[in-house]
Amino acid sequence: MALESLSMGEDFPVFVVSGRDIILKTDGAALSSADLDVFLSSVEVLDSFTEKDFSLSAVVLAPDAVLPQGFERVAMRQFFHTHGETLSFKAARAKALANWRADVRFCSVCGTELADSAEFTARECPHCHKLFFPRIEPCVIVLVSRGDKILLARHVQRNQDIYACIAGFIESGESAEQAVVREIIEETGLTVRNVRYRGSQSWPFPDQLMLAFTAEYESGEFRLQPDEIADAQWFSRDDCPASPQPGSIAYKLIHNEI
Ligand SMILES: [Zn+2]
């Protein structure tokens, strides 16, 4: 499988992405080939490609692109919530590949500008022939329970207006379960037991794979990591503060849907 130039007229969905949004018609419909003609003649396109093996095409706009009349932005998270598994997968892949293509441009061995591989969805160095495949960054996200209460935290750096699950990147050498235990003790001072895998979600902002877990409180008092966690509390599921919206695996964890 490999990426090709944008191929119009295929019976593929075309995902127009801009920042963390996907572009739909104002009536919520996906863009047809005719709509794309309007688009491509009036909006600056940063990148575009078709991947026939996964039956998808993507058009990439700047995050602040001004849209022609008749089109609107929808948060990708919302798109994941309202569309089925197949379309959500393709949209996530289109967005992840767009991020990767913008980011991986020069060979890390010899510095030569990379070209698209003719054989794989990868970039290839024309000089030393090293291949660069799309990256995935594995992360853990965990909902800790204590009796009928759940642990939610407000982060310092991101989404400061909501209470969310504890999450973080898996460090080299760690299992996902070890990352869960480490993240919780680092960020909150608590220890946990019964770490259980619940499911996963592609989260292409820019390239995470979220591995979702539940765990039970074991011991300790709150000792919050000041540069990461502004506040952490035990909440009842039916009395939660503002928390992640539908479409994220965090929402499913909090609302006991996985
Ligand atoms: Zn090279």
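Residues numbered from 1 in each chain as written. Predicted model: local features only at pLDDT ≥ 70, side-chain atom pairs only at ≥ 80, totals over all residues. Heavy atoms only, no water.

Engineer: Quick one: what's the story with the coordination of the zinc ion, residue by residue and with numbers?
Structural biologist: Donor atoms from the polypeptide that coordinate the zinc ion comprise Cys107 (SG), Cys110 (SG), Cys125 (SG) and Cys128 (SG), at 2.3 to 2.4 Å from the metal. Each of the four donor atoms around the zinc ion contributes to a set of angles spanning 98 to 124°, which defines the coordination as tetrahedral. The sequence pattern formed by the donor residues of the zinc ion is C-x2-C-x14-C-x2-C. For Cys107, a relative accessible area of 5% gives the class buried. (Donors = N, O, S within 2.8 Å, 3.2 Å for Na, K, Ca; no water. Tetrahedral: all angles 85-135°; square planar, octahedral: opposite > 155°, others 65-115°. Buried < 20%, exposed > 50% of the residue type's maximum accessible area, 1.4 Å probe, protein only.)

Engineer: Can you break down the packing of aromatic side chains residue by residue, with the values?
Structural biologist: All chains considered together, the criterion is met by 10 aromatic pairs. On the numbers, 5.7 Å between centres and 85° between planes, the contact of Tyr217 with Trp234 is edge-to-face. Separated by 17 residues along the polypeptide, Tyr217 in strand 13 (residues 208-219) and Trp234 in strand 14 (residues 229-236) bring together distant segments of the chain. Residue Tyr217 shares its accessibility class with Trp234, and that shared class is buried. An aromatic cluster is present here, built from Phe80, Trp203 and Phe205 joined pairwise through their rings. Here the basic side chain of Arg20 rests over the ring of Phe205, its NZ or CZ set 4.2 Å away from the ring centre. Sitting over the face of the ring of Phe132, Lys130 holds its NZ or CZ atom 5.4 Å from the ring centroid. (Phe/Tyr/Trp six-rings, centres within 6.5 Å; stacked < 30°, edge-to-face > 60°. Helix = DSSP H or I, 4+ residues; strand = E, 2+ residues; numbered from the N terminus. Lys NZ or Arg CZ within 6 Å of the ring centre and 35° of its normal.)

Engineer: Account for the nonpolar core, with residues named and values stated.
Structural biologist: Judged by nonpolar contacts, the single largest core of 41 residues is most densely connected at Phe15, Phe80 and Ile141. Counting the residues that make up this core, at least three belong to each of domain 1 (14-103) and domain 2 (137-254). The contacts of Phe15, once residues within four sequence positions are left out, are Ile22, Leu56, Ser57, Ala58, Val59, Phe79, Leu87, Lys90, Ala91 and Ala94. One finds Val140, Ile166, Phe213 and Tyr217 within the second-largest nonpolar core, a separate group that totals 21 residues. (Core = buried A, V, L, I, M, F, W, Y, C linked by side-chain atoms within 4.5 Å. Domains from an automatic or database assignment. Contact = heavy atoms within 4.5 Å.)

Engineer: Which residues make up the pairing of strand 9 (residues 137-146), and what are the values?
Structural biologist: By the bridge criterion, nine bridges tie strand 9 to strand 13 in an arrangement that is parallel. Following the sheet pairing, Ser145 is matched in strand 13 by Glu216. Summarising the sheet, strand 9 and strand 11 (residues 166-169) pair through four bridges and their orientation is antiparallel. Across the sheet, residue Val140 finds its bridge partner in strand 11, namely Gly168. As judged from the two bridges shared by strand 9 and strand 10 (residues 149-155), these two strands associate in the antiparallel manner. When the bridges of strand 10 are listed, Arg146 appears paired with Lys149. In sequence, strand 9 turns back onto strand 10 through a hairpin of two residues, with Gly147 there showing a positive phi of about 60°. (Pairing = 2+ DSSP bridges.)

Engineer: Can you tell me about the pairing of strand 3 (residues 45-51), naming the residues and giving the values?
Structural biologist: Note on strand geometry: in a regular strand, side chains alternate between the two faces of the sheet. Pairing between strand 3 and strand 4 (residues 56-61): six bridges, direction antiparallel. Directly across from Val45, in strand 4, lies its bridge partner Leu61. In this antiparallel pair of consecutive strands, strand 3 and strand 4, the connection spans four residues, and Ser55 shows a positive phi of 50°.

Engineer: Lay out the side chain of Asp207 in plain terms, naming residues and giving numbers.
Structural biologist: Locating Asp207 in the fold gives a position in the loop between strand 12 (191-203) and strand 13. Contact partners of Asp207, with chain neighbours within four places excluded, come to Arg135, Ile136 and Glu137.

Engineer: Can you lay out the sheet that holds strand 5 (residues 71-75) for me, pointing to particular residues and giving the numbers?
Structural biologist: If you trace the five strands from one edge of the open sheet to the other, you get 3-4-1-2-5, paired in mixed fashion. Each of the sheet's edge strands pairs with one partner strand only, and the pair in question is strand 3 and strand 5. The mean inter-strand angle of the sheet, taken between neighbouring strand axes irrespective of direction, is 30°. Pairing geometry for strand 1 (residues 14-18) and strand 2 (residues 21-25), over two bridges, is antiparallel. Note that in strand 2 the partner of Val17 across the bridge is Ile22. This element, helix 3 (residues 85-103), spans strand 1, strand 2, strand 3 and strand 4 of the sheet and lies at about 125° to strand 3. (Axes fitted to C-alpha atoms, helices over the stretch in contact; angles between N-to-C directions.)

Engineer: Before we move on, can you summarise the pattern of salt bridges with the specific residues and values?
Structural biologist: Within the structure shown, the criterion is met by 13 salt bridges. Its salt-bridge partner being Asp103, residue Arg135 comes within 2.7 Å of it at the nearest N-O pair. Here the residue Arg135 occupies a position in the loop between strand 8 (131-132) and strand 9, and Asp103 occupies one in helix 3, the gap between them amounting to 32 residues. Of the charged contacts in the structure, one is a salt bridge between Arg182 and Glu183, with a shortest N-O distance of 3.2 Å. The residues Arg182 and Glu183 share a single accessibility class, namely buried. Taken together, the shared-partner salt bridges connect Asp47, Arg101, Asp116 and Arg123 into one network. (Salt bridge = Lys/Arg side-chain N within 4 Å of Asp/Glu carboxyl O.)

Read these as layout, nothing more, since geometry by itself doesn't imply function.
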